[in-house]
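A look at the structure
Next come the chains, spelled out residue by residue.
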Amino acid sequence: MDLNYSAEEVAFRDEVRAWLAGNLPRDLKEKVDRYEHLSKEDLLRWHRILAGKGWVAPAWPKEWGGTGWNVVQRYIFEEELGYVGAPPLIPFGLAMCAPVLLRFGTEAQKKRFLPRIYQGEDFWCQGYSEPGSGSDLASLKTRAVRENGRYIVNGQKTWTTLAHYADWIFCLVRTDPTSEKRQEGISFLLVDMKTPGVSVRPLILMDGAHEVNEVFFDDVGVPAENLVHEEGKGWTVAKYLLGYERMNTGRIGESKRQLARLKEFSSGKLNDVRFRDRLSRVEVELTALEITNLRFLDRMRRSGQPPGADVSMLKIKGTEIQQALAELMMQAAGEAGSDEFAAALGRRYLSMRKTTIYAGSNEIQRNIIAKQTLGL
Amino acid sequence: MNFDYNEEQQLLADSVRRFLQKDYDFEARRKILASPEGWSARVWSQLAQMGLTGLPFSPDYGGFGGGAVDLMGVMEAFGEALVVEPYLATLMGAHLVARAGSAEQKRAILPAVVEGRMKLAFAHTERKQGEKLGVVGAPIADKLVVSSGSRLFLADRADLKMKPYRTMDNMVAADLSFSRDRAEPMPGADQAVAETVDFATALVCAEAVGAMKFACDTTLEYLKTRKQFGVPIGTFQALQHRMVDMVISYEQARSMACLACARVDSAANAAERSRAVSAAKIKIADSARHIGQEAVQLHGGMGMSEELKLSHSFRRLTVAAQQFGDADHHLARFASL
């Protein structure tokens, strides 16, 4: 048993760290440090810098621009991005649409979309949730009817993150409302956001930020060539994506960074034993999660098997820790010196409540573990 | 990076587990508890034959020169089986002799421990000077290492006045009074105690993780077989989610036990070692309480029953949470390092 990275892995981490130190633009880093809103241009700027280095999509096959890194290197890279305080890489294109196309897409679809995702030319969003279909995703109602070589889409998606930035949306739509198993009537469709009949309405969350939206489809015509995999196989595609290797789900690097910042500006509050002990317990949970994450990664590297329900555990613990840190930061904000910064931390606390709800609520993650791991 | 046991460690853990499954099932353990001695000399000699009493000691004395990571799988197996023989007490005593004893003391004691001929205990916690409390293994130890002020002494059991009893988790223990007159001083001291207590704390973490594993496994099994309202109670989401949280708690605790054992073996300095051990003990204490309490609750009335092994695991977990300092103690130490 050896909990330390190998010499090669340490060298790799140092290489990534050094490059980030030299290439993360100062103004972007300062925005992230101040917990300010990041514009579409901010996000794309960072995306393109990484693309220029050849590091924006490490997990992709090499022929499409992947780095050929193993799972441990990819994990190290992603954690370093979080630890240094880089703007987030928006996952909808890079880590969601692309893996689906790589697995199920036609050659034409890959050639058409993957290079543009890589270069940050197309901004993607995800059309899954609907007003009546949250955790029970398979109940979705957005209808797509095939006629004359195209699908006519009608319906509504909601909680659509960054739809107001997006050029494209990948959607789960119902193509066959009559199929006995409701999962079998669902298809995976790529829709150009500029198509007539697509409209976006902002949903403002309690932190005042515009991040999510409602997306309406009103007789939207989508070329049939934008169907991914077969008609009626959309659920298979969605399930594949759930099991896709996402070993940074715990967001360890990001949380380590928040913990370090919290300790920095709350030093006065550390004399308060009650506060100090709450902070220590979060630190212990985070340390444990980092090792748990590495244990899973090590197992995955040896077995070559996808992580399965392990990801659910990382999501549950990771988001609980992120929320606990955000809450402690808000409570210590008075120590931080500036009212503006304290207000940003307050907004961040509000915003982070979403983490245990999004991407499969933590209750759904528990259902997954109960079923897949425990056989209940 | 590698989180598996190496081949030797795995073989040892497997053979210990096989031995315990065969010769130390719940019924066998019940008989040991019912005996006046409260431990089994036969089991002890088999542990010695498997090399366990020599594992962490120098080959100079017949040992195998192992560390905490080498012992981790053994301690997990002990925790699953709820071994009551005072193995850790003997390891602690010998660990101290190896670090603080004179050459002569080492020669007299370590080979005897390795060969299974001698049992030790460490008397440390005191109510007031000379009165040591809750010394696990004391009533059956041949010799005891006793701290007094900042010094360590070796004493024969026969020279100590003892009040023996069984602890909540059925270990033999005693309160005792000690005077330096009839004891042999040991030359080393301070750092040795800190090292040994951290070493033992890491091992208790591993042992507790084993007990947690049993509690989780047996509860999951119960959820699948116990029927109410015509269905297995494991079909109820309220119980499924609590079971999932127990398993997550176990995985997190096991990660911290790995950290503690690894750092005990190879930390760059004492502060790094102690900080890792305290962090681990905080998590193990929290998880021991959480998993123990939930396992009993999910078993319903059965969980309270003396007849079920789980209730004994609960007692072990309750004691382990407090052994060598509870979560509050280690939170204070963690923050101070």
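Residues numbered from 1 in each chain as written. Chains lettered and ligands numbered in written order. Predicted model: local features only at pLDDT ≥ 70, side-chain atom pairs only at ≥ 80, totals over all residues.

Section: the overall build of chain B
Threshold: Helical segments are the DSSP runs of H or I of at least four residues, strand segments are the runs of E of at least two, and each set is numbered from the N terminus. The size measure is the radius of gyration over C-alpha atoms, and the globule rule it meets is 2.2 Å times the number of residues to the 0.38 power. This entry defines residue contacts through backbone-placed C-beta atoms, with two residues in contact when those atoms are within 7 Å.
Helices and strands together make up the secondary structure of chain B, namely 11 helices and 10 strands. Relative to the compact-globule value of 20 Å for 337 residues, chain B shows a C-alpha radius of gyration of 20 Å, a close match. Overall, the C-alpha framework of chain B stretches about 70 × 45 × 40 Å when taken along its three principal axes. Looking at chain B alone, contacts between residues at least 24 apart form 71% of all its contacts between residues at least 6 apart.

Some details on the overall build of chain A
Threshold: Neighbour density around each residue's C-beta defines its exposure: 20 or more other C-beta atoms within 10 Å make it buried, 12 or fewer make it exposed, and counts between make it partly exposed, where C-beta atoms are placed from the backbone.
Secondary structure assignment for chain A yields 12 helices and 8 strands. Structurally, chain A occupies a C-alpha span of about 70 × 45 × 45 Å along its principal axes. When the 376 residues of chain A are sorted by exposure, 38% land in the buried category. Relative to all contacts within chain A whose residues are 6 or more apart in sequence, the contacts with residues 24 or more apart total 73%.

What about the sheet that holds strand 8 (residues 184-186) of chain B?
Residue and element names in this part refer to chain B. Heads up, the condition is: Only strands joined by at least two bridges in the DSSP assignment are considered to pair. Axis geometry follows a simple rule: fit a line to the C-alpha atoms, using only the stretch in contact for helices, then measure angles between N-to-C directions, giving values from 0 to 180 degrees.
Spatially, the 4 strands line up as an open sheet ordered 1-4-5-8, and their pairing is mixed. Every other strand in the sheet has two partners, leaving strand 1 (120-123) and strand 8 as the edge strands with one partner each. Within the sheet, the average angular offset between the axes of one strand and its neighbour, ignoring direction, is 30°. The sheet contact formed by strand 1 and strand 4 (residues 143-148) spans 4 bridges and is parallel. Counterpart to A121 in the pairing with strand 4 is L144. In the packing of helix 5 (residues 87-100) onto the sheet, the strands contacted are strand 1, strand 4, strand 5 (151-156) and strand 8, and the crossing angle to strand 1 comes to about 80°.

Some remarks on the nonpolar core
Residues and elements named next belong to chain B. Quick reminder of the rule: The nonpolar core is taken to be a set of buried Ala, Val, Leu, Ile, Met, Phe, Trp, Tyr and Cys residues joined by way of C-beta atoms within 7 Å.
Counting residues in hydrophobic clusters, the biggest one holds 207 residues, and the most contacted among them are A202, C205, A257, A260, C261 and A280. In terms of residue count, helix 7 (residues 190-225) provides more of this core than any other element does, 19 residues in total. Discounting chain neighbours no more than four positions away, the residues touching A257 are M72, C205, A206, V209, A280 and I284.

Examining the pairing of strand 6 (residues 161-166) of chain B
Residue and element names in this part refer to chain B. In terms of strand pairing, strand 6 meets strand 7 (residues 172-177) through 6 bridges, oriented antiparallel. For R166, the partnering residue across the bridge sits in strand 7 and is V172. Counting the residues that bridge the hairpin from strand 6 to strand 7 gives 5 residues, and of these N170 lies at a positive phi of roughly 70°.

Quick word on helix 10 (residues 309-322) of chain B
One full turn of an α-helix is made of 3.6 residues, so residues set three or four places apart face in the same direction. Residue and element names in this part refer to chain B. To keep things clear, this is the line we draw: The length a helix should cover is 1.5 Å for every residue beyond the first.
Taking 1.5 Å of rise per residue, the 14 residues of helix 10 would be expected to cover 20 Å, and the 21 Å separating its terminal C-alpha atoms lies within 8% of that figure. Residues of helix 10 that are buried: L310, H312, S313, F314, R316, L317, V319, A320 and A321. Where helix 10 is buried, its residues meet helix 7 and helix 9 (270-298). F324 sits one or two positions beyond helix 10 and adopts a positive phi of about 60°.

Let's talk about the packing of helix 9 of chain B against helix 11 (residues 327-336) of chain B
Residues and elements named next belong to chain B. Condition: Here the word oblique covers every angle except those under 35 degrees (roughly parallel), over 145 (roughly antiparallel) and from 65 to 115 (roughly perpendicular). Working rule for handedness: look at the near helix, and if it is turned counterclockwise from the far one by less than a right angle, call the crossing left-handed; if clockwise, right-handed. Each residue receives one of three labels: charged for Asp, Glu, Lys and Arg, nonpolar for Ala, Val, Leu, Ile, Met, Phe, Trp, Tyr, Cys and Pro, and polar for the others, Gly being one of them.
At their nearest, the axes of helix 9 and helix 11 sit 8 Å apart, and the two run at 150° to each other. In terms of orientation, helix 9 and helix 11 fall into the roughly antiparallel class. Viewed along their axes, helix 9 and helix 11 form a crossing whose handedness is left-handed. Each of S274, R275, S278, A279, K281, I282, A285 and D286 in helix 9 lies in contact with helix 11, whose residues at this interface are A327, H330, L331, R333 and F334. Split into classes, the residues belonging to the contact of helix 9 with helix 11 amount to 6 nonpolar, 3 polar and 4 charged.

Notes on the interface of chain A and chain B
On the side of chain B, 28 residues touch chain A, which itself brings 31 residues to the contact. At the level of secondary structure, the elements contributing two or more residues to the side of chain A that touches chain B comprise helix 9 (273-303), helix 10 (310-331) and helix 12 (362-373) of chain A. Sort the elements by how many residues they give to the side of chain A that touches chain B and helix 9 of chain A lands first, with 14 residues. Considering only residue class, the side of chain A that touches chain B consists of 15 nonpolar, 5 polar and 11 charged.

Points about the domain arrangement of chain A
Residues and elements named next belong to chain A. Our working rule: Each domain's limits were defined by an automated method or a database of domain assignments.
With domains assigned, chain A is organised as domain 1 (7-89), domain 2 (124-233) and domain 3 (245-373). Centre-to-centre separation of domain 1 and domain 3, based on C-alpha positions: 20 Å. Residues belonging to the side of domain 1 that touches domain 3 are distributed by class as follows: 7 nonpolar, 3 polar and 5 charged.

Let's talk about unusual backbone geometry
With a phi close to 55°, A:Y35 is a non-glycine residue in the positive phi region. Tracing the chain through its elements places A:Y35 in the loop between helix 2 (26-33) and helix 3 (40-53). The phi dihedral of B:N170 falls on the positive side, at around 70°, and the residue is not glycine.

Describing the packing of helix 9 of chain A against helix 8 (residues 237-266) of chain B
Their axes nearest at 8 Å, the elements helix 9 of chain A and helix 8 of chain B cross at an angle of 90°. If you check the angle between helix 9 of chain A and helix 8 of chain B, you find them roughly perpendicular. Facing A:E285, A:T287, A:A288, A:L289, A:I291, A:T292 and A:R295 of helix 9 of chain A, the residues of helix 8 of chain B in contact are B:E251, B:Q252, B:S255, B:M256, B:C258 and B:L259. In terms of residue class, the contact of helix 9 of chain A with helix 8 of chain B is made up of 6 nonpolar, 4 polar and 3 charged.

Considerations on the environment of A:Y151
All names here are of chain A. Considering the arrangement of structural elements, one finds Y151 in strand 3 (residues 150-157). Sequence spacing of Y151 and A224 is 73 residues, and the spatial spacing of their C-alpha atoms is 6.1 Å. Look past the residues within four positions of Y151 in its chain and what remains in contact with it is A144, V145, R146, L189, V222 and A224.

Some details on helix 8 (residues 252-265) of chain A
Residue and element names in this part refer to chain A. With 14 residues, helix 8 should cover 20 Å at 1.5 Å per step; its first-to-last C-alpha distance of 20 Å lies within 8% of that length. Those residues of helix 8 not exposed but buried are I252, G253, E254, S255, Q258 and L262. Considering only its buried residues, helix 8 is in contact with helix 4 (71-84), helix 9 and helix 10.

Here's the deal with the environment of A:L38
All names here are of chain A. Mapping L38 onto the fold places it in the loop between helix 2 and helix 3. Overall, L38 belongs to the partly exposed group, with 16 C-beta atoms counted inside 10 Å. Apart from residues lying up to four places away in sequence, L38 is in contact with K31, L43 and P87.

A look at the sheet that holds strand 2 (residues 126-128) of chain B
Residues and elements named next belong to chain B. One open sheet accounts for 4 strands, arranged 2-3-7-6; its pairing is antiparallel. What marks the edges here is a single partner per strand, and that holds for strand 2 and strand 6. The average undirected angle you get between the axes of adjacent strands in this sheet is 20°. Sheet topology note: the strand 2/strand 3 (residues 131-136) ladder contains 2 bridges and is antiparallel. Following the sheet pairing, E126 is matched in strand 3 by K132.

Quick look at the environment of B:K213
Mapped onto the secondary structure, B:K213 falls in helix 7. For the pair B:K213 and B:D181, spaced 32 residues apart in sequence, the C-alpha to C-alpha distance is 46 Å.

Things to note about the confidence of the model for chain B
Interpretation of the predicted coordinates at a detailed level should be avoided for regions scoring low in pLDDT. As a reminder, the rule being used: Known as pLDDT, the predictor's per-residue confidence is scaled from 0 to 100.
When the pLDDT values of chain B are averaged, the result is 96; 100% of them are 70 or greater. Model confidence for the complex: the whole-complex pTM is 0.95, and ipTM, which rates the interface, is 0.96.

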